[in-house]
Amino acid sequence: MSSVFSEAAASTPRHPADAAHRAPCTPARTHWRAAALDALRERDPLAKAEAVRALHAEAQEAASQGMTHWDASSTLVAHGELPGRPARPELVEPRSLQRRSMSTPQGRVVLLHALAHIEFNAINLALDAVWRFANLPDAFYADWLRVAAEEAYHFSLLRQRLADYGQAYGDFPAHNGLWEMCERTSDDVLARMALVPRVLEARGLDASPPIRARLKQAGDDESAAILDIILRDEVGHVRIGNHWFRYLCEARGLDPHAAWLALAEQYNAPRMRGPFNFEARRSAGFDQAELDTLAAQDAAAASESAARRGAEEK
Ligand SMILES: [Fe+2]
Ligand SMILES: [Fe+2]
């Protein structure tokens, strides 16, 4: 079983985070999953992002020489609270978060902060997949460490953009929804693959284009360009999720469509809401039946809201 990204990862750096860390600069560790757990526990966001990039570079370098140190058969135990995160941002209920128009700099800063928080959580989610689940192929761990490195890159781009606006990560409150789904699915790697990349990260594919358009409309081309990079990489993350979801379904003799419906109900998956980015979802590996289900859902929601509007006008 080869990594979804193994060829690209071995040859062409896709962004500066890769290129800057190709040289072996740290002594080889013997257990990369334990190192991923250490990075997950790191509280300082910058130190966490740096630890992830260094570990990814080390793993890539070793893999290019035919060596791996995933120690897949070890069951690791985390002591203390996960994930490591800074004292700020303050975590609050989602409904208490402020929403502001993106036409004002203050509104854009609130948005950029929310996106930075998503990326910080996304680093943690990917690291959690690396350390928590034992006895998977090496390519599983390589894929999720690569995702963690890309999330660290996204976080660093947004952190820098916030600094351009004179703000820092932690300056605004945030919610903990992403990590809560991570905790709910910590007992089963199939549920994790079903609900985190295929639901939460896939929602990002739908959300990106309208946010990018509003940033562009407000004249914030630099932030819009960051959204482009994030969307490009997130298609890959969802593809990795789809790949491993189907791999695990096959290994357990499950039909992926039936398994998905059962897991969505069992784990109380958030309801999917359109409009959907069908092109990105197709590139990310959702099959025609899955896309057709979303299209039908979209059409039903549109006719429901048209009926509601009609009733209100009467
Ligand atoms: Fe990301
Ligand atoms: Fe992602």
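None of these values were measured; they are calculated from a predicted model.

Quick notes on the rules
Counting from 1, residues in each chain are numbered in the order their sequence is written. In the order they appear in the text, chains get letters beginning with A and ligands get numbers beginning with 1. For this predicted model, a pLDDT threshold of at least 70 governs which residues receive local features, and a threshold of 80 or more governs which side-chain atom pairs are given and counted, while totals over whole chains, interfaces and linings are taken from all residues. Secondary structure counts use DSSP, requiring at least four H or I residues in a row for a helix and at least two E residues in a row for a strand, with both numbered from the N terminus. Put simply, the radius of gyration uses C-alpha atoms, and a globule should come to 2.2 Å times the residue count raised to 0.38. Counting other C-beta atoms within 10 Å of a residue's own tells you its class, since 20 or more makes it buried, 12 or fewer makes it exposed, and anything in between is partly exposed; those C-beta atoms are placed from the backbone. Think of it this way: build a C-beta for each residue from its backbone, and any pair within 7 Å is a contact. Residues enter a nonpolar core if they are buried, belong to Ala, Val, Leu, Ile, Met, Phe, Trp, Tyr or Cys, and are joined to the set through C-beta atoms within 7 Å. Known as pLDDT, the predictor's confidence for each residue is given on a scale from 0 to 100. Throughout, an axis means a line fitted to C-alpha atoms (over the contacting stretch in the case of helices), and angles, computed between N-to-C directions, take values from 0 to 180 degrees. Here the word oblique covers every angle except those under 35 degrees (roughly parallel), over 145 (roughly antiparallel) and from 65 to 115 (roughly perpendicular). Whether a crossing is left-handed or right-handed is set by the direction in which the near helix is turned from the far one by less than a right angle, anticlockwise for left-handed and clockwise for right-handed. In this count, Pro and Cys sit with the nonpolar residues alongside Ala, Val, Leu, Ile, Met, Phe, Trp and Tyr, while Asp, Glu, Lys and Arg are called charged and the others, Gly among them, polar.

Visitor: Would you mind showing me how to read the overall build of the protein here?
Guide: Scanning the protein for helices and strands turns up twelve helices and zero strands. The N-to-C order of helical and strand elements in the protein reads α-α-α-α-α-α-α-α-α-α-α-α. For 314 residues, the compact-globule estimate of 2.2 N^0.38 gives 20 Å, and the C-alpha radius of gyration of the protein, at 20 Å, lies within 12% of that figure. Each principal axis of the C-alpha atoms in the protein carries an extent, and together these give about 70 × 50 × 40 Å. Among the 314 residues that make up the protein, the fraction classed as buried is 40%. Pairs at least 24 residues apart make up 79% of the contacts formed inside the protein by residues separated by at least 6 positions.

Visitor: Before we go on, may I ask you to explain the nonpolar core in this structure?
Guide: Nonpolar side chains in soluble globular proteins generally cluster together in the buried interior. The biggest cluster of nonpolar side chains holds 76 residues, and the ones touching the most others in it are Ala36 and Ala148. Broken down by secondary-structure element, the contributors of at least two residues to this core are α3 (32–41), α4 (45–64), α5 (105–132), α6 (138–164), α7 (177–184), α8 (189–217), α9 (221–251) and α10 (256–266). A per-element tally of this core places α5 first, with 16 residues. Every residue in contact with Ala148, bar those within four places of it in the chain, is listed here: Val52, His56, Ile123, Ala126, Leu127 and Val130.

Visitor: Mind showing me how you'd approach the confidence of the model for the protein here?
Guide: Keep in mind that low pLDDT regions are not for reading the predicted coordinates in detail. Here the protein averages 90 in pLDDT, while 90% of its residues score no lower than 70. Within the model, pLDDT remains below 50 along residues 1–27, and this stretch shows 37 contacts once partners closer than five positions in the same chain are excluded.

Visitor: Is there a simple way to think about the environment of Ala78 in this case?
Guide: Note on placement: Ala78 falls in the loop between α4 and α5. Placed 102 residues apart in sequence, Ala78 and Glu180 show a C-alpha to C-alpha distance of 17 Å.

Visitor: Please clarify how unusual backbone geometry should be interpreted in this entry.
Guide: If a residue is not glycine, its phi is most likely negative; likewise, a peptide bond is most likely trans. Leu82 connects to Pro83 through a cis peptide bond whose omega is -10°. Residue Pro275 follows Gly274 across a cis peptide bond; omega there is 0°. Relative to the elements of secondary structure, Pro275 occurs in the loop between α10 and α11 (278–283). Positioned with a positive phi, Asn135 is a non-glycine residue whose angle comes to about 60°.

Visitor: Sorry if this is basic, but what is going on with the environment of Ser208 here?
Guide: Looking at where Ser208 falls in the secondary structure, it is placed in helix α8. Counting along the chain gives 23 residues from Ser208 to Leu231, while the straight-line C-alpha distance between them is 6.6 Å. If we ignore the near neighbours within four places in the chain, the residues touching Ser208 are Leu227, Ile230 and Leu231.

Visitor: Please explain the packing of α8 against α9 as it appears in this structure.
Guide: In a packed pair of helices, the relevant descriptors are the angle between the two axes and the axis-to-axis distance. In contact at an axis separation of 8 Å, α8 and α9 are set at 160° when each is read in the N-to-C sense. Comparing their axes, α9 and α8 come out roughly antiparallel. The chirality of how α8 crosses α9 is left-handed. In terms of residue class, the contact of α8 with α9 is built from 20 nonpolar, six polar and seven charged.

Visitor: Explain the packing of α3 against α5 to me, please; I cannot follow it from the model alone.
Guide: One can describe the packing of α3 onto α5 by two numbers: an axis separation of 8 Å at closest approach and a directional angle of 150°. Accordingly, the angle class assigned to the pair α3 and α5 is roughly antiparallel. Here the hand of the crossing between α3 and α5 comes out left-handed. Contact residues: α3 offers Arg33, Ala36, Leu37, Ala39 and Leu40, while α5 offers Asn124, Leu127, Asp128, Val130 and Trp131.

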